[in-house]
Amino acid sequence: MTDRVTSTARHDERDGENAVAGGGDDTGEDESSTALRSTLHRRGRRMTPQRQLVLDSVRELSHATPEQVCRHIQRTAPTVNITTVYRALDLLEELGLVRHTHLGHGAPTYSVEGHEHVHLVCHRCEAVDEVPCEMLDDLAELLDRTRGFALDATHLALSGTCRRCRASEEAGESAPASVPDGSVEPS
C-alpha cells in the first residue's frame with residue numbers, strides 16, 4: 001500500500017512539474033504559477049512570491065549563479081536576500097524545475113529543466129560555449145556498451161581550451177580577457 005501511495009505521489013509531482021516546465025497550452029506565466037503552486041501544495045509546501053521570483057529569474061537569465069539570480073531579483077524586490085535565493089533554488093531543484101551545473105571552481109550555475117546542452121568551459125579565459133548534447137552520442141553509446149553507464153549529457157560541463165586561447169598560445173600571446181560574470185558566450 002505504501003509503495004502505491006508513494007508511486008501515486010511521485011506521479012502527481014511529475015504532472016505538476018511537467019506543467020510548470022512548459023507542458024500544456026501557451027497561456028503564459030499564470031499557468032506556470034498555478035502549476036508550481038499545485039506542485040508545492042501536494043508536497044506540503046506553499047507558494048511564496050520569493051520562490052516565483054527565483055524561478056522567473058532563472059528562466060529570464062538562462063544560466064545564472066545564485067548571486068546573479070539574487071542581483072536580478074533585487075532590482076525589483078530589494079528585500080530578497082541570498083539565503084532566500086539559495087533555499088528557493090534547492091527546493092526548485094528538488095521539484096525538478098531547475099538544475100545546476102558546475103562550470104568551474106565558482107558557484108554552480110542554474111538553468112531551467114529542459115534547457116539541455118553541453119557546456120564547454122575554457123580553463124584559461126573562463127568563456128563558456130554551448131553545444132548540442134547529441135555531439136556526445138558516440139561517447140554515451142561507448143560508455144553504455146563497455147561500462148553499463150548511462151551518460152546524462154544534459155547536465156554536463158567539459159573543461160578545455162577555447163579556439164581563441166589556443167590561437168593566442170600558438171601566437172605566444174597571453175590569454176584573452178575572460179567573459180564578465182562567467183556568462184555564456186557562444187562562438
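To keep things clear, this report deals only with the structure shown in the data block.

## Details of the packing of helix H3 (residues 49-61) against helix H4 (residues 66-74)
Taken N-terminus to C-terminus, the directions of H3 and H4 make an angle of 110 degrees; their axes are 9 Å apart at the nearest point. Looking at the two axes, H3 sits roughly perpendicular to H4. Residues Leu53, Val54, Ser57, Val58, Glu60 and Leu61 of H3 pack against Gln68, Val69, His72 and Ile73 of H4. Here the residues of the contact of H3 with H4 sort into six nonpolar, three polar and one charged.

## Points about unusual backbone geometry
With a phi close to 70 degrees, Ser62 is a non-glycine residue in the positive phi region. Summarising the element assignment, Ser62 is placed in the loop between H3 and H4. Using a relative accessible area of 30% as the deciding quantity, one classes Ser62 as partly exposed. One non-glycine residue, Glu126, adopts positive backbone phi at about 70 degrees. Looking at the element boundaries, Glu126 is found in the loop between strand S3 (118-122) and strand S4 (128-131).

## A look at the sheet that holds S3
Pairing within the open sheet is mixed, and its three strands lie in the order S4-S3-S5. Where the open sheet ends on each side, the last strands, each with one partner, are S4 and strand S5 (156-160). Averaged over all adjacent pairs, the angle separating strand axes in this sheet is 30 degrees, with direction ignored. Where S3 lies against S5, five bridges are found, and the strand directions are parallel. Looking across to S5, one finds that Leu120 is bridged to Leu158.

## With respect to the nonpolar core
Leu36, Val54 and Val85 are the most contacted members of the largest nonpolar core, which totals 21 residues. The set of elements that each furnish at least two residues to this core consists of helix H2 (29-42), H3, H4 and helix H5 (82-94). Tallying contributions element by element places H5 first for this core, with five residues. Ranked by size, the runner-up nonpolar core spans six residues in total, among them Val131, Cys133, Leu136 and Leu156.

About the cut-offs
- Residues numbered from 1 in each chain as written.
- Predicted model: local features only at pLDDT ≥ 70, side-chain atom pairs only at ≥ 80, totals over all residues.
- Heavy atoms only, no water.
- Axes fitted to C-alpha atoms, helices over the stretch in contact; angles between N-to-C directions.
- Helix = DSSP H or I, 4+ residues; strand = E, 2+ residues; numbered from the N terminus.
- Parallel < 35°, antiparallel > 145°, perpendicular 65-115°, else oblique.
- Contact = heavy atoms within 4.5 Å.
- Nonpolar A, V, L, I, M, F, W, Y, C, P; charged D, E, K, R; others polar.
- Buried < 20%, exposed > 50% of the residue type's maximum accessible area, 1.4 Å probe, protein only.
- Pairing = 2+ DSSP bridges.
- Core = buried A, V, L, I, M, F, W, Y, C linked by side-chain atoms within 4.5 Å.

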